[in-house]
Structure formats: C-alpha cells, structure tokens
Amino acid sequence: MEKLHLMHNRIESRAYFKSKHENVFSLDGMWRFRYFDAPARIPEIIDFWHEIKVPSCWQLEGYDQMHYTDLYYQFPLLPPYVPAKNPTGVYERTLDVNEIDLDSRKAHRIRFHGVDSAFELWINAKLVGDSTGSRYTTEFDITQFLNSGENTIRVIVKKWSIGTYLEDQDMWWLSGIFRSVEWLILPKDRIEDFSTITKLSKHNQLASIAINVSHINRKIEDDSYEIEAQLCYRDEIVVGKKIKVSTSQGVHGLELQLEMPKLWTAETPFLYDLNLNLYYKGDLMHSVQDRIGIREIKVHANQILINGMPIHFKGVNRHDFNCDTGRTVSLEDMRFDLELMKSNHMNAVRTAHYPNSPEFYALCDEIGLYVISEADLECHGFELTGRYDWITDDSTWTEAYVDRAVRLVKRDINRPCIIMWSLGNESEFGRNFIAMAEEIRAIDHTRLIHYEGDRDVEVCDVYSTMYTRLERLEEIGKSTDGTKPHLLCEYAHAMGNGPGGLKEYQQLFRKYPRLNGGFIWEWIDHGIRSYDEEGRVFYKYGGDYGDAPHNGNFNCDGLLFPDRTPSPALAEVRKVYSPIWIESFYEAETKTQYITVENDYDHITLDHVCFTITGRKSGFKFKLHNMMPKEKVILVLASDELKTYPEDKLKFEAFIPADMAARHKGAMLRAYDERNERNDRNEKYEITSHQIISPEDIELKIFREEQFLQSKNRLLTTETHESLEIKDAQNSFSVKFDKIEGLLTSYNVHGVEFIKNGPEINFWRAPIDNDMYVKRVWMDQYSLHLLKSYPESFGWERETESGAVLIKINFIVGAPNQTWYYKIRQHICIRTEGTIEFDFYGQFKDPKRVYQSSIPKIGSVSSLAISPESVKYNGLGPLENYPDSQSAAWLGIHELIMEEMFTHYPYPQENGNRSEVTEIELCYDAYTFCIDMKKGSHFAIRPYSDGHIEQAKHMNVLKEEGCFLHLDYKVNGLGSNSCGPEPSPEHKLKPVDFEFGYTWHIKQR
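Residues numbered from 1 in each chain as written. Predicted model: local features only at pLDDT ≥ 70, side-chain atom pairs only at ≥ 80, totals over all residues. Heavy atoms only, no water.

Enquirer: Where do I start with the overall build of the protein in this structure?
Expert: If you tally the helices and strands in the protein, you get nine helices and 63 strands. Taking 2.2 N^0.38 as the reference for a compact globule, 1005 residues should give roughly 30 Å; the C-alpha atoms of the protein span a radius of gyration of 33 Å, in line with that estimate. Dimensions of the protein, computed from the C-alpha atoms along their principal axes, are close to 115 × 75 × 55 Å. For the protein, the residues scored as buried account for 61% of the 1005 residues in total. The long-range fraction of contacts in the protein, counting pairs at least 24 apart against all pairs at least 6 apart in sequence, stands at 71%. Of note, the protein has its 116 positive side-chain charges centred 1 Å away from the centre of its 153 negative side-chain charges. (Helix = DSSP H or I, 4+ residues; strand = E, 2+ residues; numbered from the N terminus. Rg over C-alpha atoms; globule rule 2.2 N^0.38 Å. Buried < 20%, exposed > 50% of the residue type's maximum accessible area, 1.4 Å probe, protein only. Contact = heavy atoms within 4.5 Å. Lys, Arg positive; Asp, Glu negative; His and termini not counted. Charge placed at Lys NZ, Arg CZ, Asp CG, Glu CD.)

Enquirer: I'm lost on the packing of helix H6 (residues 502-511) against helix H7 (residues 568-576) in this one. Help?
Expert: Each pair of packed helices can be summarised by the angle the axes make with each other and by the distance between the axes. Closest axis-to-axis distance for the H6/H7 pair is 10 Å, and the angle between their directions is 25 degrees. Here H6 is positioned roughly parallel relative to H7, judged by the angle of their axes. The two elements H6 and H7 meet at a crossing, and its hand is right-handed. Across the interface between the two elements, Leu 502, Lys 503 and Gln 506 of H6 pack against Glu 572, Val 573 and Val 576 of H7. Partitioning the contact of H6 with H7 into residue classes produces three nonpolar, one polar and two charged. (Axes fitted to C-alpha atoms, helices over the stretch in contact; angles between N-to-C directions. Parallel < 35°, antiparallel > 145°, perpendicular 65-115°, else oblique. Left-handed = near helix turned anticlockwise from the far one by under 90°. Nonpolar A, V, L, I, M, F, W, Y, C, P; charged D, E, K, R; others polar.)

Enquirer: Please clarify how the packing of helix H3 (residues 398-412) against helix H4 (residues 431-443) should be interpreted in this entry.
Expert: Contact geometry for H3 and H4: axes closest at 9 Å, N-to-C directions at 30 degrees. Here H3 is positioned roughly parallel relative to H4, judged by the angle of their axes. Here H3 runs over H4; the crossing is right-handed. Note on element contacts: H4 touches H3 through Asn 432, Phe 433, Ala 435, Met 436, Glu 439, Ile 440 and Ile 443, opposite Thr 398, Tyr 401, Val 402, Ala 405, Val 406, Val 409 and Lys 410. Here the contact of H3 with H4 is built from residues that sort into 10 nonpolar, two polar and two charged.

Enquirer: Would you mind showing me how to read the sheet that holds strand S8 (residues 88-97) here?
Expert: Spatially, seven strands are ordered S2-S12-S11-S14-S8-S4-S5 in an open sheet, and the strand pairing comes out antiparallel. Looking along the sheet, the strands with just one partner apiece sit at the ends: strand S2 (7-8) and strand S5 (50-54). Here strand S11 (residues 118-123) pairs with strand S12 (residues 126-132) via six bridges, running antiparallel. Across the sheet, residue Ile 123 finds its bridge partner in S12, namely Lys 126. (Pairing = 2+ DSSP bridges.)

Enquirer: What is the right way to read the sheet that holds strand S20 (residues 225-233) from this model?
Expert: Think of a sheet as strands paired side by side through backbone hydrogen bonds, with each pair either parallel or antiparallel. Here we have four strands laid out as an open sheet, ordered S21-S20-S23-S24, and antiparallel in their pairing. Taken across any chain shown, the strands that pair with only one partner, and hence form the sheet edges, are strand S21 (236-245) and strand S24 (283-292). Neighbour-to-neighbour, the strand axes of the sheet open up by a mean angle of 15 degrees, direction not taken into account. Note: strand S23 (residues 272-280) against S24, nine bridges, orientation antiparallel. If you follow Tyr 272 over to S24, its bridge partner there is Ile 292.

Enquirer: I'm lost on the pairing of strand S4 (residues 29-36) in this one. Help?
Expert: In the case of a regular strand, side chains alternate between the two sheet surfaces. Two elements, S4 and S5, share five bridges in a ladder whose sense is antiparallel. By the bridge assignment for S5, Trp 31 is matched with Ile 52. Where S4 lies against S8, five bridges are found, and the strand directions are antiparallel. Opposite Arg 34, over in S8, you have Val 90 as the bridge partner.

Enquirer: Even after reading the chapter, I still don't get the pairing of strand S17 (residues 181-187), so can you show me in this structure?
Expert: With seven of seven residues buried, S17 lies mostly within the body of the structure. Where burial is concerned, the two faces of S17 agree: the one with Val 181, Trp 183, Ile 185 and Pro 187 and the one with Glu 182, Leu 184 and Leu 186 are both buried. Two elements, strand S9 (residues 106-112) and S17, share seven bridges in a ladder whose sense is antiparallel. The residue of S17 that forms the bridge with Arg 109 is Leu 184.

Enquirer: What should I look at first to understand the environment of Leu 624 in this one?
Expert: Structurally, Leu 624 is set in strand S41 (residues 619-624). Among the residues examined, Leu 624 registers a relative accessible area of 1% and is labelled buried.

Enquirer: How should the pattern of salt bridges be read in this particular structure?
Expert: Oppositely charged side chains may form a pair once their charged atoms are brought near each other. The tally for this structure, following the rule as stated, stands at 69 salt bridges. Two residues, Glu 120 and Lys 158, come together in a salt bridge whose shortest N-O distance is 4.0 Å. Within this pair, whereas Glu 120 is found in strand S11, its partner Lys 158 is found in strand S14 (residues 149-158), the two being separated by 38 residues in sequence. Look at Lys 158 and you get buried, because its relative accessible area is 13%. (Salt bridge = Lys/Arg side-chain N within 4 Å of Asp/Glu carboxyl O.)

Enquirer: Mind showing me how you'd approach the environment of Trp 796 here?
Expert: Structurally, Trp 796 is set in strand S53 (residues 788-798). Spatially, the C-alpha atom of Trp 796 lies 9.5 Å from that of Cys 829, the residues being 33 residues apart in sequence. Beyond its immediate chain neighbours, meaning those up to four positions away, Trp 796 contacts Thr 717, Glu 719, Leu 724, Val 805, Leu 806 and Ile 807. A distance of 3.0 Å separates a polar atom in the side chain of Trp 796 from a polar atom in the side chain of Glu 719. (Polar contact = N/O pair within 3.5 Å; in protein donor to acceptor, adjacent residues only side chain to side chain.)

Enquirer: When you look at the state of the cysteines in this model, what are you seeing that I'm missing?
Expert: Formally, a disulfide is one covalent bond, and it connects the sulfur atom of one cysteine to the sulfur atom of another. A full pass over the atoms with the stated rule returns zero disulfides. Lacking any disulfide linkage, Cys 417 is separated from the closest cysteine sulfur, that of Cys 364, by 4.9 Å. Between Cys 923, a cysteine without a disulfide, and Cys 930, which holds the nearest cysteine sulfur, the sulfur-to-sulfur distance is 8.2 Å. Note on Cys 923: relative accessible area 5%, which makes it buried. (Disulfide = S-S within 2.5 Å.)

Enquirer: What is the right way to read the side chain of Arg 350 from this model?
Expert: In this fold, Arg 350 is placed in strand S29 (residues 348-351). Using a relative accessible area of 0% as the deciding quantity, one classes Arg 350 as buried. One polar contact links Arg 350 to Glu 374, side chain to side chain, over a distance of 3.0 Å. Side-chain polar atoms of Arg 350 contact the side chain of Glu 490, separated by 3.0 Å. If sequence neighbours within four positions are ignored, Arg 350 has contacts with Val 316, Asn 317, Arg 318, Ile 372, Glu 374, Gly 424, Asn 425, His 450, Cys 489, Glu 490 and Phe 519.

Enquirer: How should I be thinking about H7 in this particular structure?
Expert: Think of an α-helix as 3.6 residues a turn; residues three or four steps apart then line up on the same face. Counting buried residues in H7 gives seven out of nine residues, a clear majority hidden from the surface. Along H7, the positions that sit buried rather than exposed are Pro 568, Ala 569, Leu 570, Glu 572, Val 573, Arg 574 and Val 576. The inward-facing, buried residues of H7 abut helix H1 (331-343), H6, strand S35 (515-520), strand S38 (580-587) and strand S46 (684-692).

Enquirer: Any chance you could explain the packing of aromatic side chains here in plain terms?
Expert: Note on aromatic pairs: each is described by the distance of the centres and the angle between the planes. The final tally for this structure, using the stated rule, is 68 aromatic pairs. Centroid distance Phe 33 to Tyr 91: 4.9 Å. Interplanar angle 65 degrees. Geometry classified as edge-to-face. Of this pair, Phe 33 sits in strand S4 while Tyr 91 sits in strand S8, and the two are 58 residues apart along the sequence. The two residues Phe 33 and Tyr 91 agree in class, both being buried. Over the ring of Phe 270 we find Lys 262, and its NZ or CZ is 5.3 Å from the ring centre. The ring of Tyr 841 carries Arg 825 above its face, with NZ or CZ at 4.5 Å from the centroid. (Phe/Tyr/Trp six-rings, centres within 6.5 Å; stacked < 30°, edge-to-face > 60°. Lys NZ or Arg CZ within 6 Å of the ring centre and 35° of its normal.)

Enquirer: I tried to follow unusual backbone geometry on my own but got confused; where do I start?
Expert: Backbone geometry follows two general trends: most residues other than glycine have a negative phi, and most peptide bonds adopt the trans configuration. Cis rather than trans, the peptide bond between Ala 548 and Pro 549 has omega equal to -5 degrees. Looking at the secondary structure, you find Pro 549 in the loop between strand S37 (537-540) and H7. The omega angle of the peptide bond from Gly 758 to Pro 759 is -5 degrees, so this bond is cis rather than trans. Residue placement: Pro 759 occurs in strand S52 (residues 755-762). In this model, Lys 281 sits at a positive phi of 50 degrees, which is unusual for a non-glycine residue. Relative to the helices and strands, Lys 281 resides in the loop between S23 and S24.

Enquirer: How do you make sense of the UniProt feature "domain: Beta galactosidase small chain/" (unreviewed entry) in the protein when you look at a structure like this?
Expert: The feature "domain: Beta galactosidase small chain/" (unreviewed entry), as annotated in UniProt, sits at residues 727-1001 in this numbering. In residues 727-1001, helix accounts for 5% and strand for 48%; the two terminal C-alpha atoms are 14 Å from one another. (UniProt positions renumbered as here; feature names shortened; annotations may be inferred.)

Enquirer: Honestly, the side chain of Arg 447 in this entry has me stumped. Any pointers?
Expert: Considering the arrangement of structural elements, one finds Arg 447 in the loop between H4 and strand S32 (448-450). A polar side-chain atom of Arg 447 sits 2.9 Å from the main-chain carbonyl oxygen of Ile 413. Of note is the side chain of Arg 447, whose polar atom sits 2.8 Å from the side chain of Asp 444. Discounting chain neighbours no more than four positions away, the residues touching Arg 447 are Arg 295, Ile 297, Asp 412, Ile 413, Asn 414, Arg 415, Pro 416, Ile 418, Ile 419, Trp 421 and Asp 461.

Below, the structure is given as structure tokens:
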C-alpha cells in the first residue's frame, strides 16, 4: 500500500467569475487515453493510445468496473492508505501556444472542474502539481512550463486516494476527468479574487454591498492603481465607487450604498451586474463581471429569515447524474432539472453531497432557487466498523476536512442562491467538523452552517434531521425554548412507487414555525441506460455489473426516472408544494360552500394570480387583491354568489357560464400565473387547482340506466359434478364455473370470451420498494405471499321472481402453517340479461391473536381473456393514486389508453391503483365491459400478473401475459419505508372484516 498526500502546487481557491480581459479556452474533447490497473504499470513511454471523451467517467467509456454502493468502501479500511493496485487513467493531449501568448505580461493556468479522485498534472514531462477533492475546482499555474509551439499535457488520474476516505457517498463509484477543463490566459496585472457581502437596513430600504478585492500585479511598491466597482441594472449604472489602492495591501475593501434595492429571493430572483475594474495610471488593466443578488440571511425566533421574512423550504436533494454519462452532466441537464423543479413549486435544492459546477449556481441565481451547498465529504462506511468517527475526530485529518470547507466557500461565496454551507453528510461528528465550521465563519459569517451529524447543534445554525417520523417531527415543532430552527434535510424517500404521506409532512411544516421545511430524497434515479438483445431499454443498478458488495436498486430513488421522465410522484409533490394552499368545506344547513385560500409564498402577494371556478354550474373569474404572504381569505359560495372575508380582497372580473361537458365532479377552483404563458396558444400557467364538492352537485355518471334494464330471457343451466354453466335461451351469453375451485372460468357474450378465470379473492401485491422492510414480516413471519383459497362449499339456486341464478361459495383463505385465516362468503348473481353481480363477505379469524402487521390489500383479481384498448373510469385520477398519495388526483371521469394504466418503474413493482372508483368501462372495438362498483373502491388493470412483476428485476423482462383486473376493497398506503416511515396509521391497512362488491355487464358499442 502507498500513502497519498493532499495536494501539491495547487493555486489557492478563489471565486469563480468571468472577465473580458481573460481568454478562456475549453480543453474538452477527445484526449489520448490509456487505462492501467495500477500506477506502477505505467511505462516510461506509452507506445499506443486509445481515445476518450473529456469530460466523461471512464467506467462508462468501457474501462474498469462499474460499482454502486450506498455506504461500503471497496477496499480494507487502513486510513490514510489505499491499495497500490489502484486503477489509473493516463490522459494526454497537445496544446499549441503562440509566442505572443508567452508575453511576460501574461499568466497561464489550467482549471479542472472535477477529477475523481486524485490526479497529477504534467506538462512537457515536468510535474506541475497534484490534487485531491473530486468535486472541487482546481487551478494550476503553468506559465513556467509552457514553450512556444506544441506542448504536451498529461494528466494521471488515480481511482483511490486519501480523498476516497472522504468521498463515500451513496452513488456509483465513477472515475476520471468528469467535468470540464479550461486553459486560461490572464493579464499579470489583474483582479485575482473578490467577495461580496450584502446587508440591509431595518426596513430593507438601504442596501450595503461590501466588496473585498484581491489584486495581483507585476510591479513592486506602486501606488498608481485604482479599483472601481459599478453596480448596474438593465445596463444602467445605479451606483459606483472608485478607490486608490497600494500594492502593499493584499486585499482592498470598498462599500456601495444602494437605496430602495431590488432584493433577491427564490420568488424574486433580481440580479444586478457587478463590474470591477482595475486601473493603472488611468488605463484599464483588467475588469471582472459577475451577477450578484442583494439579500440578507438571519435567524430569529427559530425561523430562518431572508430579507426579514420567514422562509419555508420546499426542497429536493439532487445528485449530478445522467443515465448515459454518469456524473458528467451538461448545462442542458442542469437547466432542465432546475426549471422542472421550479415549475413543480420547489424553491430549494441541496447539492447532495458535494459542490456542483459553477454554472449550476448561476442558474439557481437566475431561476430562483435557494441552495444548501454541501462539501464533498461523506465517511458513511465507517459506521459499519463501530468507529463511525474514526477519521472525523482524528486531528491528523483536520487539514483534509478544512481544505474541503475552504474550497467549498471561496469559489461560490458570491452566489446569492446559497444560503447555507453544509459541512458534509453522514460522517458522525468530531473535532474536524468543529474546525470546518470555524474556518467557514472566518471566511463568510453571513450564511448559515448546516450538518445533520451535529445532533447536539454544537457548531451549526440549524438543527437538521433526516427521515424523521411525523410523531417525532411534531415534538420538535412544539419544542421552542433555547433551540434553533429545524430542517429536514432528507425525507420522503422517493424510491419506486412513492413516497406516500407528503401532505401530512407539509401540514406539520405549516403548523409549527420552528419547522422550516425539508428536502425530498431525491431528484433522479441513478439507473444506467442499457439495452437487451432485443433492443429493449432497461436501467442497470447495483449488482448488474457483477459488483460486490452492492446496494441493489437503492440508487433508483428519485422523483424522475433515469431518463429524466417524471414519475407519478412528481405530480403529488407539485400539489403539496403549491404556493397557494386551498381547503374547502360545505355547510349543509345553509347550503353554503366555504373555501379557504392561503398565500403560501414567502415574499410576494397573489396579485399575479387569476382564479377561476368552473363546473356544471355557472362560475367566476376573479383576483384576490393585496394578499400578503401567509394571509388567508375565506371565499363564500352560495346561490351563484361569491363573497370573501375580508371583503376588500375580492376583485371580481367575470362570470363563467356552466360547462355541462365538465369531466370533474362538482366545481374546480384553479389558480393561474398571469406572468407566464405556457405555450403558443397563450394559455396561462396553472399554479394549482382544488376540487369543490358538495351534496348539491350533479352526480357524474358514465353508465346510462337503460344499459341495465332487466330482460325476460330464461336462464338455462347445465351442471356436472365439477362444473356449472349458465346461459340464456337465445345463447347470447354464457357463464361457466369450476365448482371445485369455486371460480368463474368463462364469461362469453355473443361468442366473445371476456374472462379466463376469477374473480379470486386477493390480499397480496407485488412489493413496492417502500415495502422493503414490512415485506419481510409479510413473507417470513406470516407467509402472506403464499395465501391460497380453499373452497368449502359451492351451491346455487334460482330466484323465483326475477329468474336470476344465485351462486353461493364458501371458502377459507390461509397460509401454510399459520393459525390465522379469512373465512369468505362469495355471492354471485347472474341476471337474465347477462349482468353478473359479485358480493364478497370476509371475516378475519385469528384465534391466537398472532397477526400484528398490516396487509397489502383486500380485494379480488380476475384474468381477462382479451386486453382492452382503453379505459374509462369514474374516480380519482388521472394518475395512479393510493390512500396516502391523492393530493394531485381529482374526482371525475378519466379516459386513458391501456399503456397509461401501468408505470414502468426501473425495478418492477405494484403500481397503477386508482381510488374512490365507482364505475369502469373497459373499451374494445365492438364491446364495452362495464363495471359498477357498489361503493367507491380501488381499481387497477395491467398486462402482468403480480407474480410476474414480483419476479422481474428489470422493466425489460416484463412480458405481457394477458390482462389482470384488480377490483379492491382497500389497499395499503405507500409510505417511504425504504428509508423513512411506514404509512401513517390511518393509511395502514390492518386485517379487518369486510363487505364489498361490484357488477359486470357487457354492452355492444
């Protein structure tokens, strides 16, 4: 093993900015490349080369081993040593330098924005320097190493280093030059660095911008320099100042005062252009351009304030990821992510768990997102050793920790979007975090410091927790004495189908001022796009490359699928994160509808919002005038009249005529942003909507009553010892039963077969990722997946008056070697016109009271003979929804094609449920299969059986094997128990006695 050091000859970290007096050339593109399994194998002369893209991750270019872990290091833990057999990449390219560019008045640098994990820079066979810190910007001065003409740049990158012990984040282990590389030509007389600090007067009417400028010059003891600062807005100078400086001073300070400033917030991302100019004897030598925002961060009464106003984080954690290029992400990827976050009402992002590229923060400044910028630091694997603080509390590692804090802050100190510096993630707590916090405060005392591992809040400004259960979160909210603001830095683990319970979290955040909101884990699945032999796409995760140890699909836990397609969960997030919070209730005595509208923005009114109420009754278009943040109004809707309390808030604009074709039940209140046009048709951008339902509403129906008129057809029966057939005299329909199994085996109408078998009572679902822990109980303790029906009796009779045939089946549903079971009675009534009515009665029997868990569902499943082309249903939709994930759904009539009834999660699992369903139409070319639910129940239809879904490990192995119709009484909630809480008690399904039923009928189209 070899010992690796921290760095050599690296330039001190500085702010990232642009200058029109600097030439910056991209060195991205194709480089020569060779891969070696150890640095000792690199020969003196490399005879032949491959080519590789820069930036890229070499594992995704065909070299080395792909490997995913959540917390495991990949080698024995002997810090600071790493194996001598250390995968290594050698990069090389040429750089042509003009004689003019080697002028003594110019300096040359190479800037690397990300190299994983340690690297050396060589130019013309001479070592320039080396560095660690994979996700940090690194600069080297190469002026003395360049020759006129062709120069050879060589970069030797090692996979493991001292830095690896500090970079054990939950992600793929990927190596190489994965961010951009730049060649800089700078004037030697220049502004090297600068920082800005903004402060506001008591009522935000005066802003002070303190600017510290570091100046590098080629002269000694010269007082002929001046530095000028200009603040511009829309190309006009609003304030400026020039000072004389002496070269004997390292840092020069000046201050600008601006009256009535435009303040930066996530809701009002106003940016000023800052120009810094360096003069020598009146001549402009160098200028720097940057965009800054004026804002102030404070803590008061356990709340985080921006510009004096409390803020509520509606955030998300984001890794750099692209399903084709790994941690190499483009500017387009970043912009897509941030704009999609913004359009889904997120106002904050945590850079989990490392700094992002400079462009990322500039986009957050522009778009308007608060940022927790996190150090590239995680030592999670040490938790498994019993010495979690092994290096965190070891003073020999202090320099390495502090180095990462300094580089985090200095590069991005001028970005207004950053309101917290995070010391890292999941590395326990100790002296090195204390040293990091001290160093950060010495550089920047204006921002807050965050670290979830500081559980006693010894050095941090916020009390941060992750995956906190609702009960504990409420306790934290209630505790306000001698405390600090609380932040949920990770919650709502978005793995697979889920998360559930988002609304309950948001309600607690709104209820308790100390709870400053949270950050959902996480933004995007980390699956690697792959194709099988038949060209079908799927996404690889841990273990798919023969990597071990690994954490499976635990990295597929985002609100977006790997290809950046939104999962259904994103719609739920958008609803609960809405900046306008709407609730309604109906007063039956006065036949009055009350609607509460709250402005949940932190800094702006609702003057930009237009509201409409539409439905089968006449509606309204109106605005709510001068509604301040957190202010509420009550809308009163009675007798086609709209009023508000307070009365002065309503600005009525127009009546909206009744829409008799409306597909939603009751009325829909919608809020539109008049500032943003959504498309070329000038449609306004919808912020949120809320369904208003009262007993007076016209009932929406799919079915017409005449569809189910009784006929006088006589039913004929044919019975054997094992079967029963029922058909009408005209032979227009027939129904067959297996008496032994107690199952319907055929439903034939006009010669078309609709049913293979069923409906069969069902208590199981293909486990979702958020069933990760409870499924062990379900399967190992109670054998729920092995439940079977054991028929006890099968009988039938003819109803004298109606002529219908009534079938009664009794059976037991139980699992091997279990003492608990369900006793089921099933009544099936076949009417003379071909309608079939099903009723299920279940009694839970647990004589020894051994069953102490939830169950996946209570319902039935039928195998259809043919798959419908489309589905129409009356219930919650249009997207999938579950008991604890319904905020984005609305009651009404929804029409979808079959492909829209199933979600292809990268790891196949239960999905596609629709709740509160009363009517269903399965639509074929010539027929419609009508289902009338006797009370609002759950419904799903998909081309895969639960068993097939459960066995499949990737989406491409799912093969359509028929069509499976699930009509369920109740289903278990989703929760986020893959790394968070189970469904809350009201959404957790326990074994209960039940009654439910539905009616089938086939009609010709």
